[in-house]
Amino acid sequence: MPSKSIIIVGGGIAGLAAGCYGQMNGYRTQIFEMHYLPGGLCTAWERGPYVFDGCIHYLFGTGPGQPFHQVWAELGAVQGRRFIQHDELMRVVDPDGRTLIAYCDPDRLESHMKQLSPADGKLIEAMCQGIRQLRRFDMTLTQQKPKPLMTAQDWGAMGRQVLPFIAPMARWARISARDFAARFKDPFLRRAVAYMFSWPDIPMMVGLSLLAYMQNGNAGVPVGASLEFARAIERRYLELGGQIHYRSQVEKILVEDDPSGRGKRAVGVRLYDDSIHRADYVISAADGRGTIFDMLGGEFVDRYLKRTYDGHMPLHSQVQISLGVNRDLTGEPHWVTYLLNEPITIAGEDRYDIGVKNYCFDPSLAPPGKSAVIAMMTTHYGYWQRIYGRKLYDTEQTQVSDIIQDFLDKNIYPGISADTEVVDEATPLSYERYTGNWQGSSCGWLLTKQTMPTMIQGMRKTLPGLRNLYLAGQWVEPGGSVPVVAMSGRNAIHVICHQDGLPFVTTTP
Ligand SMILES: Cc1cc2nc3c(=O)[nH]c(=O)nc-3n(C[C@H](O)[C@H](O)[C@H](O)COP(=O)(O)OP(=O)(O)OC[C@H]3O[C@@H](n4cnc5c(N)ncnc54)[C@H](O)[C@@H]3O)c2cc1C
């Protein structure tokens, strides 16, 4: 029987992974990607002699034999690649210089935090115990097999594996870093703990798991930055015989009446150049809203989908200011969130925190003696969207980068403005333009205590009334992240194999 064909919309990590697993399972796959590069949000960009990473701060699966690692091995992403394992996630520093260091070693973190505030000993002990308990927690448990294919036996096995973690999950999944911080007596920790995992609405469960995985050596950073990581998966896909078409934006997913007489089925895509490409299956690993409401014209939605996309779910839009500086910042911490007493107004908002990363830990990103530095801030998409396409937009971007340089110059690295050779600004509109993601969201739905239960239960990967169309990627996996979307692409192929009565197979190069 001739092999069946699959069209994949989007060459981000989910789309590339779907392509690789499709090829491993004997399907003829093609990826249509609107950009000229693989990786989607998992990217980096060169400006002069500098490389600015736009994505990976930590990558789950970098530790051999640990959760997610096997997927990266199958995708050819870890072979021969070096990962940097930081011993601290980040620091949070207030204007008086008080510093909270988010060590991933719970013993070290515990004694450091107790020194900062002996009066908060009980809370600190509980938190560090949470890290210890979660060290053996396998986050892939809910993703190892697509939910619709799970048997009673699978659920039973999963339940038994989850059982030892029920107590820490119950304790930490429904509380955010912000909520937890509010319990501290010490005024500095009350502010700083909210930021110790980057964003204050992060469920504590996720933050603690992150430190636990870092401690296990399973949340490193790939040397060479995020785009190189994505390129390795693109290479694997091409070696498996897949085809990827760049600068090929899908305008419509084509549907026809299903021969069963029940509903419709996806039969291919039409690109913006009007070319038509047909296939037995279509997987959209592109923006969820764009897929459902533009590429499919909103024809296959029910109340659940309307509600999901009505704007009430949290997204994450950000501004990234990248600086190439003619100064060696080796030895400076790699990630610091600075807390401010007086706000700085950036993009229309008063800000009391600024996150700054120094990439000297990876010498391939700047010439010797120079450093790539990045500042990141959450922002409102609407603010940028209202001025997009006007001179005001460029002026505002320059203003933001000037403010950041000024802040660094006055408070952190005196004289750094004079050493700055390259400045680059990315707003939510940049992310939207390059990846099509709704509001430029960096992770699809932001992981918060509200979205955490949806993440655990999983979101639907098919649309009502439409066969042979599967959704993969960050819009069906709340919180996104590079490893989770790779699993999502893998699972889409697993479901298709099941539909065709084929065993799902994987290979490792
Ligand atoms: C600043 C930042 C920091 C992050 N930090 C981390 C981190 O530390 N660790 C981590 O694991 N994750 C991190 N993430 C999240 C992670 O990058 C994403 O969740 C993940 O890469 C999403 O992958 P995806 O394939 O689902 O979607 P995307 O990467 O958005 O890929 C979708 C692809 O579809 C293409 N596309 C869209 N529409 C069309 C169309 N009509 N036709 C053709 N192609 C189309 C896009 O161009 C894109 O390439 C970060 C993200 C950002 C932005």
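Residues numbered from 1 in each chain as written. Predicted model: local features only at pLDDT ≥ 70, side-chain atom pairs only at ≥ 80, totals over all residues.

Student: For this particular structure, what's the right way to read the sheet that holds strand S19 (residues 420-426)?
Tutor: Strand pairs in the sheet, formed through backbone hydrogen bonds, run parallel or antiparallel to each other. Taken in spatial order, the 7 strands of this open sheet run S8-S7-S16-S17-S18-S15-S19, and their pairing is mixed. Only two strands of the sheet have a single neighbouring strand rather than two, namely strand S8 (99-103) and S19. The mean angle between the axes of side-by-side strands here comes to 20°, regardless of whether they run parallel or antiparallel. Relative to strand S16 (residues 335-346), strand S7 (residues 88-93) runs parallel, the two sharing 3 bridges. Considered in S16, the bridge of Val 93 is made with Tyr 338. (Pairing = 2+ DSSP bridges. Helix = DSSP H or I, 4+ residues; strand = E, 2+ residues; numbered from the N terminus. Axes fitted to C-alpha atoms, helices over the stretch in contact; angles between N-to-C directions.)

Student: Just checking my understanding: could you explain the sheet that holds strand S14 (residues 281-284) for this structure?
Tutor: The sheet built from 5 strands is open, its strands ordered S10-S2-S1-S14-S21 with parallel pairing. Edge strands, defined here as strands with exactly one partner in the open sheet, are strand S10 (243-245) and strand S21 (469-471). Shown here is a sheet whose adjacent strand axes are inclined to one another by a mean of 20°, direction ignored. Inspection of the sheet shows S14 paired to S21 by 3 bridges, in the parallel sense. Bridge pairing links Val 282 to Leu 469 in S21.

Student: Is there a simple way to think about helix H4 (residues 121-134) in this case?
Tutor: In an α-helix, one turn spans 3.6 residues, which is why side chains three or four residues apart end up on the same side. Between the first and last C-alpha of H4 there are 20 Å, a value that for 14 residues agrees with the 20 Å anticipated at 1.5 Å per step. Those residues of H4 that fall on the buried side of the exposure criterion are Ile 124, Met 127, Cys 128, Gly 130, Ile 131, Gln 133 and Leu 134. Buried residues along H4 sit in contact with helix H3 (106-116), helix H6 (166-172) and helix H9 (204-215). (Expected span 1.5 Å × (residues − 1). Buried ≥ 20, exposed ≤ 12 C-beta atoms within 10 Å, placed from the backbone. Contact = placed C-beta atoms within 7 Å.)

Student: Would you mind going over the domain arrangement of the chain with me for this structure?
Tutor: You'll often see interface size given as the accessible area lost when the parts meet. As far as domains go, the chain holds domain 1 (5-45 + 57-81 + 223-313 + 446-499), domain 2 (101-216) and domain 3 (318-435). For domain 1 and domain 3, the distance between their C-alpha centroids amounts to 31 Å. Contact with domain 1, which involves 6 residues of that partner, is made by 6 residues of domain 3. Each residue belonging to the side of domain 1 that touches domain 3 can be placed in one class, and the counts come to 3 nonpolar, 3 polar and no charged. (Domains from an automatic or database assignment. Nonpolar A, V, L, I, M, F, W, Y, C, P; charged D, E, K, R; others polar.)

Student: Please clarify how the site of the ligand should be interpreted in this entry.
Tutor: Around the ligand sit 39 residues in total, of which Gly 10, Gly 12, Gly 40, Gly 473 and Gly 480 are the nearest. Taken together, the elements giving at least two residues each to the shell around the ligand come down to helix H1 (13-24) and helix H18 (482-499). Taken together, the residues of the shell around the ligand break down into 18 nonpolar, 19 polar and 2 charged. (Near = placed C-beta within 6 Å.)

Student: Explain the pairing of S16 here, please?
Tutor: Looking along a regular strand, one sees the side chains alternate between the two faces of the sheet. As paired strands, S16 and strand S17 (residues 349-358) are joined by 8 bridges and run antiparallel to one another. Each residue of the ladder has a partner; that of Leu 339, found in S17, is Asp 353. Counted between consecutive antiparallel strands, the loop separating S16 from S17 contains 2 residues, among which Ala 347 sits at a positive phi close to 50°.

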